[in-house]
Amino acid sequence: MVSVAFLNPLSDKAEQIVRDIGDLSKIYDKNSDLIHAVDTSKSQSMSDNQNIPENYVELAIKRMEWYIKKKNDKNYNYKDYAFLFNREITRFDVVAFFILAQAIGIKFNSNSRESKLFVDLQGNIIEERLEELSISERRDVCQKILDELILQDNVKWTFLEEILSSKKISLHELILDKGEIILDKEDFLERFSDKISHRNPERMYELLIGDPVKELIMIKMIMQKTEDYVKKVNEMSQKVEPHPYLLEVGEKISKILSENIKYYTTSHGGMKGFKLNSEAFPPCIKLTLNGVESGNRNDAIVLLLTSFLSYARLYPSIFRDNVSVKISDVDPELKITQNEILPLIYDAAQRCNPPLFDDDPQEKLNITAKLGFGVHELPEIKNEGESKWYTPMSCDKIKIHLPALCKPDKTCKKIGNPLSYYKSKSWQLNKQGDNKEKSSKDKDKNNVDKSKSDQDNVNKVINPSPDKSVKNTKEADTLNGSDFN
Amino acid sequence: MNEPATLQERRRYYREEWNVKKLPDFIKEGMEQREFGFDHLGKGPNDRYRIFRSLEYLKRFMRYKSPFAAYCSVAFYDKPFKRADWIKSELIFDVDAKDIPIRTCMCDNVCEVCLGEAKEIVSGLIDTLKGDLGLKDIHVIYSGRGYHLRVLDETVMKMDSDIRAQILKYLVGSEVPRSEYGTEGEKYQLEHFSIPFGYPKVFTQRFKYAVLHLTPNIEMENISPALFKKVLKNRTYLLTDEWGLFRKNIGPINYKKLVKEIGALNMGLVDAKVSIDLKRILRLPTSLHSKVSMKCMEVQNIEKFDPFKEAVPKFVYERDD
């Protein structure tokens with residue numbers, strides 16, 4: 001029988017395990033039981049000793065390493081980490097989970113990429129562990145966990161408020177009736193059998209709800225609880241002196257994550273940073289740069305433009321690579337952020353009607369927060385990670401929050417996010433540019449007006465040097481956004 | 001619709017017809033925690049951050065100022081005079097007859113037909129709010145040009161904009177339900193119309209309403225004129241719920257396109273910005289919508305409500321034509 005702690009490290013059973021064996025002073029001690037569990041894991045690769053965790057801390061680090069490799073490494077090999085899916089690892093894994101959760105909670109903010117990665121990792125590990133179980137084991141353990149997580153018989157959809165808010169689940173994915181989420185088969189049949197014709201109600205239950213929805217809710221609830229736990233640790237760590245071992249693990253996580261993200265994103269060619277090409281901006285961004293009317297200003301500048309310009313300039317491939325990056329990974333001294341990105345955002349803010357900072361000077365703090373540097377006047381490395389570097393809102397969200405800015409053109413039809421538009425259009429423009437250049441070279445090699453071509457490039461590219469950014473800011477009072485085009 | 005109310009008419013209304021005691025209870029209770037706003041010149045609310053500690057103060061203010069329009073916040077604050085220390089907000093759905101994406105009347109402003117259609121939409125939303133989401137304490141307000149649905153159920157009043165957006169999408173049927181379901185490694189096709197409960201049912205109802213109300217002037221981006229004609233020709237099947245025939249006749253690929261377009265169109269049934277805004281001010285029930293000379297009022301029975309009988313202030317009947 002599989003233990004609930006194998007899937008839910010925050011269950012009562014798991015907490016009991018931690019109470020019994022989770023002595024912080026021993027987390028670096030070599031643990032022969034752990035080594036044995038790893039050694040005897042089915043399919044475990046034994047070719048490299050480095051694959052074998054020998055103590056709790058190494059197991060905790062292996063958990064992180066597994067997820068990063070699985071997400072990013074083309075040569076990822078399941079067999080290197082097969083022990084993570086062996087149920088015999090449960091009692092060690094639970095301790096490793098708490099070491100990670102506490103180390104992350106102590107060192108990083110709950111909005112940090114480290115916390116986010118840890119929560120995602122937990123969701124993923126549960127999914128993969130479920131795959132290793134038989135159907136009856138899966139069903140049994142899932143029901144037990146749900147019974148523990150949801151105390152009442154009928155769970156109201158409002159009970160999942162946090163999960164819905166974080167978009168881990170969408171409301172329309174659930175079967176609702178009179179405010180309750182229908183999960184139980186008997187309940188389903190009682191409520192809907194009469195309404196179903198030409199189909200077997202039991203089959204309908206299996207298809208529409210059955211195991212997948214229950215498992216989905218279980219996984220998302222554990223992810224939410226993991227997030228809440230990290231947050232709680234973070235709050236506690238302000239009051240209680242953390243254990244030095246946990247601080248050490250926090251450092252290790254930070255190092256591993258930075259090195260790995262740099263390695264994988266650079267090898268994909270994603271983290272280079274590109275000069276902005278305003279010709280490739282989608283209509284909503286062009287309109288925002290022109291200045292926005294009262295009512296839409298705050299959302300347009302703070303939520304849309306800030307994230308769009310920062311990612312377009314620093315890391316336009318974020319959606320393709322699907323990694324958690326910090327601005328300092330690409331712009332270590334924040335020179336690009338301070339000298340290129342912020343002046344463009346501030347200029348657009350001042351072009352609003354009335355100028356945004358005249359009414360809401362505190363929005364500068366919000367802009368800094370959306371770049372991942374917490375609520376401060378300007379981005380500074382020491383504050384990085386206090387908040388999340390927000391990715392640009394999707395087209396769907398723009399339609400709801402900023403309908404006045406959504407004036408789709410042909411390219412918009414193919415994409416779901418302004419940043420994807422920018423990537424696609426930049427590529428098209430580059431291709432056209434290359435072809436044009438090639439044909440003009442073929443026609444008349446001697447008649448290339450180099451100075452004009454340079455001037456064209458200056459017009460196309462927004463890349464003010466530190467000096468130019470000052471000039472741009474001053475000119476903004478007399479220019480409208482079309483000067484960017 | 002009526003002509004705008006003059007200052008004299010506004011004064012008459014607030015001094016002779018309006019009664020502060022007739023404010024709905026949900027406004028009167030906790031009134032001191034709401035922000036009030038006023039439009040004195042007919043150019044939009046320019047007098048904001050006002051608070052009223054008692055009905056008597058509000059009564060005096062309205063009588064003395066006879067504003068062009070009066071509003072109060074959907075939010076409750078500890079410091080409403082600063083719009084600070086937010087406590088909670090009503091959940092709002094604003095159906096403006098003028099802005100419904102599919103209107104059979106094609107009038108320039110609003111008329112009996114589109115107001116009737118707005119009412120039909122509102123009734124559908126209420127059914128889903130109660131039936132699927134199990135919400136209570138729902139108030140319908142005739143705004144003067146449409147309807148406001150104001151939900152004061154405590155279970156939703158602290159919810160953030162993201163969940164409100166999800167509720168909105170669920171209610172209007174803007175997300176296309178999946179049609180592929182799997183169990184134990186096998187996949188099955190199940191179209192929304194063959195699932196008579198939950199969100200698929202909501203989507204089916206909204207889809208049916210939209211298709212049955214389509215008019216030739218409606219433009220849908222990815223629907224060719226030929227397909228549009230086909231839809232109009234075959235939509236009578238929906239009256240008798242012969243969905244299979246409807247889908248077959250327009251073709252499964254075309255059906256997929258249509259479903260997506262109608263989902264997008266449905267997003268316009270309700271003003272989304274109002275629903276997600278936690279600090280919105282909304283027209284005060286019992287106040288005068290001076291632009292159209294109609295009363296903004298709570299509706300007790302939406303089925304029987306006739307704005308042209310119940311929401312017309314006395315001064316309109318006494319106007320010289």
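Reading the values: rules and limits
Residues numbered from 1 in each chain as written. Chains lettered and ligands numbered in written order. Predicted model: local features only at pLDDT ≥ 70, side-chain atom pairs only at ≥ 80, totals over all residues. Heavy atoms only, no water. Helix = DSSP H or I, 4+ residues; strand = E, 2+ residues; numbered from the N terminus. Rg over C-alpha atoms; globule rule 2.2 N^0.38 Å. Buried < 20%, exposed > 50% of the residue type's maximum accessible area, 1.4 Å probe, protein only. pLDDT = per-residue confidence, 0-100. Contact = heavy atoms within 4.5 Å. Buried area = accessible area lost by both parts, 1.4 Å probe. Salt bridge = Lys/Arg side-chain N within 4 Å of Asp/Glu carboxyl O. Polar contact = N/O pair within 3.5 Å; in protein donor to acceptor, adjacent residues only side chain to side chain. Pairing = 2+ DSSP bridges.

## A closer look at the overall build of chain B
Counting its secondary structure elements, chain B contains 13 helices and 14 strands. Taken over the C-alpha trace, chain B has a radius of gyration of 22 Å; the compact-globule value for 321 residues is 20 Å, and the two agree within 12%. Projecting the C-alpha coordinates of chain B onto the three principal axes gives extents of approximately 70 × 50 × 30 Å. Looking at the 321 residues of chain B, the share that counts as buried comes to 56%.

## Topic: the confidence of the model for chain B
In the predicted model, chain B carries a mean pLDDT of 94, and 99% of its residues have values of at least 70. Overall fold confidence for the complex sits at a pTM of 0.80, while the interface term, ipTM, reaches 0.92.

## Some details on the interface of chain B and chain A
Opposite the 38 residues of chain B that make contact, chain A presents 37 residues. Overall, the association of chain B and chain A removes approximately 3200 Å² of surface from exposure, summing both partners, and the carbon and sulfur fraction of that is 63%. Contact with chain A buries area across many residues of chain B, yet Gln-166, Phe-197 and Lys-273 of chain B alone supply 21% of it, more than any other trio. Seen at the junction of chain B and chain A, the total is 3 salt bridges. The shortest N-O distance in the salt bridge between Lys-397 of chain A and Asp-162 of chain B comes to 3.2 Å. In this structure, the connection of chain B to chain A is made through 11 residue pairs in polar contact (both at pLDDT 80 or more). Sort the elements by how many residues they give to the side of chain B that touches chain A and helix α5 (residues 161–172) of chain B lands first, with 7 residues.

## Focus on the pairing of strand β6 (residues 91–96) of chain B
Residues and elements named next belong to chain B. With 6 of its 6 residues buried, β6 lies for the most part within the structure. Burial of β6 is two-sided: the residues Leu-91, Phe-93 and Val-95 facing one way and the residues Ile-92, Asp-94 and Asp-96 facing the other way are all buried. Pairing of β6 with strand β8 (residues 146–151), which is carried by 6 bridges, proceeds in the antiparallel orientation. The residue bridging Asp-96 from the neighbouring strand is Gly-146, located in β8.

## A word on the sheet that holds strand β3 (residues 180–181) of chain A
Pairing within the open sheet is antiparallel, and its 3 strands lie in the order β1-β3-β2 (chain A). Edge positions in the open sheet fall to β1 (155–156) and β2 (176–177) of chain A, since each of these has one partner strand only.

## Quick word on unusual backbone geometry
With an omega dihedral of -10 degrees, the bond running from Asn-353 of chain A to Pro-354 of chain A counts as a cis peptide bond. Its identity is not glycine, yet Leu-334 of chain A carries a phi of approximately 65 degrees, on the positive side. Residue placement: Leu-334 of chain A occurs in the loop between α15 (327–330) and α16 (335–351). The class for Leu-334 of chain A is buried, based on a relative accessible area of 2%. Despite not being glycine, Met-106 of chain B shows a phi value in the positive range, around 60 degrees. Positionally, Met-106 of chain B belongs in the loop between β6 and α4 (112–131). Among the residues examined, Met-106 of chain B registers a relative accessible area of 47% and is labelled partly exposed.

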